[in-house]
Amino acid sequence: MELGISCSPKHLANELTHIKQVLLDNGYPWRRIDHIMDQTRERINHPKQCPKETQANAQVMVPFFPSIAKSLKTISRRHQVGLTFTSNLTLRNLLTRTKTPTLPANIPNAIYQIPCQDCNQTYWGQTKRPVYKRITEHKRFTRRAGNYDREDLEFKSSVAHHSIITGHNIAFDKTLILTTAQHPSQLDMLEHAAIKTRHPALNRNYSVLSVHRPWNTILPKIEASFKPRPVYPDIRPC
């Protein structure tokens, strides 16, 4: 039980008397009531002073060694120096990986490039899904190109459309991831920068995102930030 007193000091005695009577009427033992009231008076009349926090004159980071950590902490506190321990660099940390890296083919939200094997033309596209899934679709449309109307095929896959029109083979094994995005909403701008800067021949001009002219000045800078990396041989087989 704890008493919360909200009255002014001059009415404190009357307030405590009233509280004591209410507690007695409700069956609380008088010894327990007197003990708590004595504690309340002591807390009001002699409030505890919170020690002032000393601000560190400097902050130091050192490697953690169990044998001397406690001593270092004591010494640093005595001289008002903030001490932070860091983990040690060990041979095990250098040689082992605790997190399995994501394979390039499984990366989502990417801008990718597919080249033609028989000419220097390329296709640049975007996908919100893992890259291998979109590459698999292009492969499937290329194999089954005869089952589609040419105009419909061009809409579904410009790569497959180029293959059936020219008879060329597509170098899917040389597909590159040009860059990735943190969020799918960034893909349109990245793809626009890639297509407007490099003008890949296999992309349909009418499918390119239209942006305001002032953005055109920064498109080369966006494209220059791309760091191409191969997807193959990590692409899963169809």
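Residues numbered from 1 in each chain as written. Predicted model: local features only at pLDDT ≥ 70, side-chain atom pairs only at ≥ 80, totals over all residues. Heavy atoms only, no water.

1. Describing the side chain of Asn 109
Part 1 of the reasoning: The topology assignment puts Asn 109 in the loop between helix H4 (91–95) and strand E3 (110–115).
Part 2 of the reasoning: Not counting the four nearest positions on each side in its chain, Asn 109 is found in contact with Thr 127, Lys 128, Arg 129, Thr 179, Thr 180, Ala 181, Gln 182, Pro 184 and Leu 187. (Helix = DSSP H or I, 4+ residues; strand = E, 2+ residues; numbered from the N terminus. Contact = heavy atoms within 4.5 Å.)

2. Looking at the pattern of salt bridges
Part 1 of the reasoning: Overall, the coordinates contain four salt bridges when judged by the stated rule.
Part 2 of the reasoning: Residues Lys 20 and Asp 34 are paired through a salt bridge, measuring 2.9 Å at the closest nitrogen-oxygen approach. A residue pair is termed long-range when its members are at least 10 positions apart, and Lys 20 in helix H1 (residues 12–25) and Asp 34 in helix H2 (residues 30–45) qualify at 14 residues. (Salt bridge = Lys/Arg side-chain N within 4 Å of Asp/Glu carboxyl O.)

3. Focus: the packing of H1 against H2
Part 1 of the reasoning: It is at 10 Å that the axes of H1 and H2 come closest, and there the two elements cross at 155 degrees. The angle between the axes of H1 and H2 places the two elements in the roughly antiparallel class. As for the relative orientation of H1 and H2, their crossing is right-handed in sense. Here H1 contributes Leu 12, Leu 16, Ile 19, Lys 20, Leu 23 and Leu 24 to the contact with H2, which in turn contributes Trp 30, Ile 33, Asp 34, Met 37, Arg 41 and Ile 44.
Part 2 of the reasoning: Partitioning the contact of H1 with H2 into residue classes produces nine nonpolar, no polar and three charged. (Axes fitted to C-alpha atoms, helices over the stretch in contact; angles between N-to-C directions. Parallel < 35°, antiparallel > 145°, perpendicular 65-115°, else oblique. Left-handed = near helix turned anticlockwise from the far one by under 90°. Nonpolar A, V, L, I, M, F, W, Y, C, P; charged D, E, K, R; others polar.)

4. What to know about the sheet that holds strand E5 (residues 176–180)
The strands making up a sheet associate through hydrogen bonds between their backbones, and the pairing can be parallel or antiparallel.
Part 1 of the reasoning: Ordered by their spatial adjacency, four strands build an open sheet running E4-E3-E5-E6, and the pairing between neighbours is antiparallel. The open sheet has two free edges, formed respectively by strand E4 (122–127) and strand E6 (229–230), since each of these has just one partner strand.
Part 2 of the reasoning: Where helix H8 (residues 187–198) meets the sheet, it contacts E3, E4 and E5, and its direction lies at approximately 170 degrees from that of E4. (Pairing = 2+ DSSP bridges.)

5. Let's talk about the packing of aromatic side chains
Part 1 of the reasoning: One pass over the structure, following the stated rule, counts one aromatic pair.
Part 2 of the reasoning: Measuring from ring centre to ring centre gives 6.2 Å for Tyr 112 and Tyr 123, while their planes differ by 55 degrees; the resulting arrangement is tilted. Of the two residues, Tyr 112 sits in strand E3 while Tyr 123 sits in strand E4, which places them eleven residues apart along the sequence. The pair formed by Tyr 112 and Tyr 123 is uniform in burial state, with each residue classed as buried.
Part 3 of the reasoning: Between the NZ or CZ atom of Arg 140 and the centre of the ring of Phe 141, over which it lies, the distance is 5.8 Å. (Phe/Tyr/Trp six-rings, centres within 6.5 Å; stacked < 30°, edge-to-face > 60°. Buried < 20%, exposed > 50% of the residue type's maximum accessible area, 1.4 Å probe, protein only. Lys NZ or Arg CZ within 6 Å of the ring centre and 35° of its normal.)

6. Considerations on the confidence of the model for the protein chain
Part 1 of the reasoning: Taken as a whole, the protein chain shows an average pLDDT of 80; of its residues, 82% reach a score of 70 or greater.
Part 2 of the reasoning: When mean pLDDT is compared element by element in the protein chain, E3 scores highest at 94, while H4 scores lowest at 69.
Part 3 of the reasoning: The low-confidence segment residues 234–238, where pLDDT is below 50, has 15 contacts with residues more than four positions distant or belonging to other chains. (pLDDT = per-residue confidence, 0-100.)

7. Quick notes on the pairing of E5
Part 1 of the reasoning: Two elements, E3 and E5, share four bridges in a ladder whose sense is antiparallel. Directly across from Tyr 112, in E5, lies its bridge partner Ile 177.
Part 2 of the reasoning: Where E5 meets E6, two bridges bridge the pair, whose relative direction is antiparallel. In the strand pairing of E6, Ile 177 is matched with Arg 229.

8. Notes on the pairing of E3
Here is the key point about a regular strand: its side chains alternate between the two faces of the sheet.
Part 1 of the reasoning: Within E3, six of the six residues are buried, which leaves it mostly tucked inside the rest of the structure.
Part 2 of the reasoning: A two-sided burial pattern is seen for E3, the buried positions comprising Ala 110, Tyr 112 and Ile 114 on one face and Ile 111, Gln 113 and Pro 115 on the other.
Part 3 of the reasoning: Inspection of the sheet shows E3 paired to E4 by six bridges, in the antiparallel sense. Across the sheet, Ala 110 pairs through a bridge with Thr 127, a residue of E4.
Part 4 of the reasoning: Between E3 and E4, which pair antiparallel one after the other, the connecting turn spans six residues.

9. Some points on unusual backbone geometry
Part 1 of the reasoning: In the Ramachandran plot, Asn 109 falls in the positive-phi region, its phi being about 50 degrees despite a non-glycine side chain.
Part 2 of the reasoning: Classification of Asn 109 by relative accessible area gives buried; the value is 12%.
Part 3 of the reasoning: Even without being a glycine, His 199 presents a positive backbone phi close to 50 degrees.
Part 4 of the reasoning: Note that His 199 resides in the loop between H8 and helix H9 (219–224).
Part 5 of the reasoning: By relative accessible area, His 199 is classed as exposed at 59%.

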